[in-house]
Each structure stands twice: as C-alpha cells, then as structure tokens.
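Coordinate inspection notes
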Amino acid sequence: MNEPILARHSLALALPKAAPAIATSSVLVLGRIWNANGAEHSIGNATLMALLTVGAATAGAFAAAGRGGNEVVAGTAFALSGGLALAGVAGYADGLSLPVLLWALATATAYALSARHWRTDRRIAVAHEHSTVERREAHAHVERVEALRAGARIETARVGAAYAEQLAAALLTRATLPGFDPAAVHEAGLPELPVGRGVGDSSRLAQADSHSA
C-alpha cells in the first residue's frame, strides 16, 4: 500500500513557530498606533478595555473550571484577556518601556504555552509515523507470504498437469500396442486403462485387431 508523500513548504513549517511573536507584536503595534491617536486621554475607552479584559479572564476561568474543563475555550479566553491587557497598556502608557516589557512577557508566555502543544503534536505525529511504518511492513509481509503460496500452488498445478499429460500419453501408447490385453493387465495388478473418450476407443480398436489376428 503506497501513500502519497506531500512536501510542505518551508514557510508553512515556520509560520506556526512565529505565530505567537506575530500576534503579540501586532497587538503592541496597534496599541501604540492607538496611543498616537489620543487613546491615553480617553477614560471611557480605558474603562471599556479594562472591562473586556476582566470579562475575558472570567470567561476563561469559568471554562477551565466547568464540567470537563474545555481547554480550547479556556485558552482562547485567557489569550484574549492577555491581548486586551497588552493593548490597553500599549495604548495608555506614556512611554515604550512598560509596553515593551509586557510584550516580552506576553511573547515568552505564549511560547511557553505553545511549546506544550507542539510537543504533544510531535508525539502524535511520531506515533502515527511509527504505526504507518508498522502497517506497511505487515502488509508487505502478508503480500510476500501470499505471493510465495500462489507461486507454490501454480508450480504444483503445473507439475500435476505435466504428469497427467505424460500419463495420458503413456496410456494411449500402451493401448495401441499389438497384443494388448486389459484382462491380463488387471490380473497382473497394473493400473487399468480408464474408459473415456479417445482412450476407450483405442483399447477397443486394439482388442479388435488382436481378435482379428
């Protein structure tokens, strides 16, 4: 069983590794753009950002503590809460020191959380590869065994057919010999000539020749 081999582009392989840094950098850049447009003087926007951050964190806590604990929803909610907090600080801070510090912490945290999922995906991929190799080897072994069996059966049938042809030729030759007597052959314990098309006719012709003689 041959499976198609798909070669992934190097950009597609590197994009998941760069996704956390791209996400946090995008939030930082957008926050500073917001700051340049006068966000630090807007108390209403600051209150809204704080409420959204707290709400996302609360949703993540409820999702993690709920029945069964939905890790996907909880992780998404916490990531949204962290992004809103970073955007709020980047938008309302006067200088770049605090936003850059929070950006570095958020990026490190994102990579720490992503590394766990990458290790899990890697283990799953390795296990799948091993199981695929084992299935291929098992199928190849079965195919080899069946091929050997089929070859042995074909060879046995060929030898049997050749033997049957030789036996039929010998019986026909024996039946055409002058003086052939099936009764004497039977009394001697030799194989009788089977009665059939061609063979029986030849024996009867031989008997008629012997009686006429």
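Here's what I pulled together on the structure shown here.

The rules behind these values
- Residues numbered from 1 in each chain as written.
- Predicted model: local features only at pLDDT ≥ 70, side-chain atom pairs only at ≥ 80, totals over all residues.
- Heavy atoms only, no water.
- Helix = DSSP H or I, 4+ residues; strand = E, 2+ residues; numbered from the N terminus.
- Buried < 20%, exposed > 50% of the residue type's maximum accessible area, 1.4 Å probe, protein only.
- Contact = heavy atoms within 4.5 Å.
- Polar contact = N/O pair within 3.5 Å; in protein donor to acceptor, adjacent residues only side chain to side chain.
- Patch = residues over 30% accessible without salt bridge, like charges linked within 9 Å, V, L, I, M, F, W, Y side chains within 5 Å.
- Areas by Shrake-Rupley, 256 points an atom, 1.4 Å probe, with all protein chains shown as cover.
- Salt bridge = Lys/Arg side-chain N within 4 Å of Asp/Glu carboxyl O.
- Axes fitted to C-alpha atoms, helices over the stretch in contact; angles between N-to-C directions.
- Parallel < 35°, antiparallel > 145°, perpendicular 65-115°, else oblique.
- Left-handed = near helix turned anticlockwise from the far one by under 90°.
- Expected span 1.5 Å × (residues − 1).

Attention now goes to the side chain of T107. Within the element layout of this structure, T107 appears in helix α4 (residues 97–175). T107 sits in the buried class, given a relative accessible area of 10%. The contact partners of T107, leaving out residues within four places of it in the chain, are A21 and T24.

Among the structural elements, T24 can be located in helix α1 (residues 10–36). Polar contacts involving the side chain of T24 include one to the side chain of W103, which spans 3.3 Å. Residues in contact with T24, not counting those within four places in the same chain, are L86, W103, A106 and T107.

The grouping of V29, L30 and I33 at the surface amounts to a nonpolar patch, some 290 Å² of accessible area in total. Examined against the element boundaries, L30 turns out to sit in helix α1.

Running from N to C, helix α2 (residues 43–65) and helix α3 (residues 71–92) cross one another at 160°; their axes reach a closest spacing of 7 Å. As summarised for this structure, α2 and α3 are arranged roughly antiparallel, according to the angle between their axes. The two elements α2 and α3 meet at a crossing, and its hand is left-handed. The segment α2 lies against α3, with N45, A46, M49, L52, T53, A56, A57, A59, G60, A61, A63 and A64 engaging V73, A74, A77, F78, L80, S81, L84, A85, A87, G88 and Y92.

Attention now goes to the pattern of salt bridges. Counted under the stated rule, the structure contains two salt bridges. Among the salt bridges present, the one from R149 reaches E146, with a minimum N-O distance of 3.5 Å. Separated by three residues within a single helix, R149 and E146 lie in helix α4, roughly one turn from each other. Judged by its relative accessible area of 42%, E146 is partly exposed. Here R158 makes a salt bridge to E155, at a shortest N to O gap of 2.4 Å. One end of the pair is R158 and the other is E155, both in helix α4 and three residues apart, which spans about a single turn. Judged by its relative accessible area of 37%, E155 is partly exposed.

Inspection of the secondary structure puts G38 in the loop between α1 and α2. Sequence separation of G38 and Y92 is 54 residues, and the distance between their C-alpha atoms is 8.6 Å.

This next bit is on α3. Its 22 residues place the ends of α3 31 Å apart at the C-alpha level, agreeing with the 32 Å of an ideal helix rising 1.5 Å per residue. When α3 is considered as a whole, its buried residues turn out to be A74, A77, S81, L84, L86, A87, G88, A90, G91 and Y92.

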